[in-house]
Amino acid sequence: MASTTAPALTVGFDLDMTLIDSRPGIHACYRALTERTGTYIDADLVVTRLGPPLVEELANWFPAEEVPAAVELYREMYPAFAVAATSAMPGARAAIEAVRAAGGRTIVVTAKYEPSARLHLEHLGIEPDEVIGDLWAEAKAQALRAHAADVYVGDHVGDVRGARTAGTLSVAVVTGPCSAAELRTAGADVVLPDLSHFPGWLACYRPAARA
């Protein structure tokens, strides 16, 4: 006899500028990268457009043949410069706890290098059930589908595209580089000012029936 128990709610979250404000740490790491390589990087500009993978950003500053080495050096330096300088976004911990209180699971799906993502979450005491890194935009659908995510929360149009590709409800927060209008145009189902509004929204949310 088939079970009539509803599957547990699963909510995915992006990391940078959704759960964490990594701008100060990333800014410091890019400044250090400039010092180490002698290649100028406008760190002030970089932190206004967080979201896409590191390799895409570094391609704006280094010749193509130098990008792999720059990625390796950046990741080597990252823990020393970026982790302690990063803070939780307003409402981040409460959002995770709201899902847990509803009997659900949380996953973090991010374009960030997965070991770096785990360092941030451990340092800040944010404890999702799973962390999946190195996925950006439509590729995030791989993890969202694998974990049967009902909702994906992010701050970038790339996050919206990932949710839509997975057939997952897209909840967007206006805490990153994209405006509310841009997020809605990209197809976000729900747009919130920040994560402090998420528990109230979740209290009224009813997952769609799964096939």
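Residues numbered from 1 in each chain as written. Predicted model: local features only at pLDDT ≥ 70, side-chain atom pairs only at ≥ 80, totals over all residues. Heavy atoms only, no water.

Undergrad: Help me out: how do you make sense of the overall build of the protein in this one?
TA: Counting its secondary structure elements, the protein contains 10 helices and 8 strands. At 17 Å, the protein has a C-alpha radius of gyration in line with the 17 Å of a compact globule built from 211 residues. By its C-alpha atoms, the protein is 65 × 35 × 30 Å across when sized along the principal axes. Across the 211 residues in the protein, those meeting the buried criterion constitute 51%. Within the protein, counting contacts between residues at least 6 apart in sequence, those at least 24 apart form 60% of the total. Entry remark: accessible area of the protein is about 9,800 Å², with carbon and sulfur atoms responsible for 53%. Charge separation in the protein, taken as the distance between the mean sites of 17 positive and 26 negative side-chain charges, equals 6 Å. (Helix = DSSP H or I, 4+ residues; strand = E, 2+ residues; numbered from the N terminus. Rg over C-alpha atoms; globule rule 2.2 N^0.38 Å. Buried < 20%, exposed > 50% of the residue type's maximum accessible area, 1.4 Å probe, protein only. Contact = heavy atoms within 4.5 Å. Areas by Shrake-Rupley, 256 points an atom, 1.4 Å probe, with all protein chains shown as cover. Lys, Arg positive; Asp, Glu negative; His and termini not counted. Charge placed at Lys NZ, Arg CZ, Asp CG, Glu CD.)

Undergrad: What should I look at first to understand the side chain of Thr106 in this one?
TA: Mapped onto the fold, Thr106 is located in strand E4 (residues 105-109). The exposure class assigned to Thr106 is buried, which follows from its relative accessible area of 1%. Once you skip the residues sitting within four places of it in the chain, Thr106 turns out to touch Val11, Phe13, Ile96, Val99, Arg100, Glu127, Pro128, Asp129 and Glu130.

Undergrad: It is not clear to me how helix H4 (residues 67-82) should be interpreted in this structure. Could you clarify?
TA: Residues that lie three or four places apart on an α-helix share one face, since the helix turns once every 3.6 residues. The sharpest bend along H4 measures roughly 35° and falls at Glu76, with the proline Pro79 sitting one to four residues further on. Burial in H4 covers these residues: Val67, Ala70, Val71, Leu73, Tyr74, Met77, Tyr78 and Ala82. Buried positions along H4 lie against helix H1 (23-37), helix H3 (54-58) and helix H6 (114-124). (Bend = angle between axes of the 7 residues up to and from the residue.)

Undergrad: Explain unusual backbone geometry here, please?
TA: If a residue is not glycine, its phi is most likely negative; likewise, a peptide bond is most likely trans. Not every positive phi belongs to a glycine, and Asp134 is a case in point at roughly 65°. Looking at the secondary structure, you find Asp134 in the loop between strand E5 (130-132) and helix H7 (140-146). Phi at Ala137 takes a positive value of approximately 55°, unusual for a residue other than glycine. As for its placement among the helices and strands, Ala137 is situated in the loop between E5 and H7.

Undergrad: Could you clarify how one ought to interpret helix H8 (residues 157-166) in this entry?
TA: Of all 10 residues making up H8, 7 are buried, and the element is well covered by its neighbours. Burial in H8 covers these residues: Val157, Gly158, Asp159, Val160, Gly162, Ala163 and Ala166. On its buried face, H8 is in contact with H7, strand E6 (151-154), strand E7 (169-173) and helix H9 (180-186). With its phi angle positive at about 75°, Gly167 sits one or two positions after the end of H8.

Undergrad: Explain the packing of H1 against H4 here, please?
TA: To describe two helices that pack against each other, one gives the angle between their axes and the distance between the axes. Look at H1 against H4: their axes get within 9 Å of each other, and the N-to-C directions meet at 130°. With respect to each other, H1 and H4 are oriented oblique. As for how H1 packs across H4, the hand of that crossing is right-handed. Facing Gly25, Ile26, Ala28, Cys29, Tyr30, Ala32, Leu33, Arg36 and Thr37 of H1, the residues of H4 in contact are Ala70, Leu73, Tyr74, Glu76, Met77, Tyr78, Phe81 and Ala82. Looking at the contact of H1 with H4 residue by residue, the classes come out as 13 nonpolar, 2 polar and 2 charged. (Axes fitted to C-alpha atoms, helices over the stretch in contact; angles between N-to-C directions. Parallel < 35°, antiparallel > 145°, perpendicular 65-115°, else oblique. Left-handed = near helix turned anticlockwise from the far one by under 90°. Nonpolar A, V, L, I, M, F, W, Y, C, P; charged D, E, K, R; others polar.)

Undergrad: Would you explain the environment of Val47 in this entry?
TA: Counting through the fold element by element, Val47 comes out in the loop between helix H2 (43-46) and H3. With 129 residues separating them in the primary sequence, Val47 and Gly176 have C-alpha atoms 9.7 Å apart.

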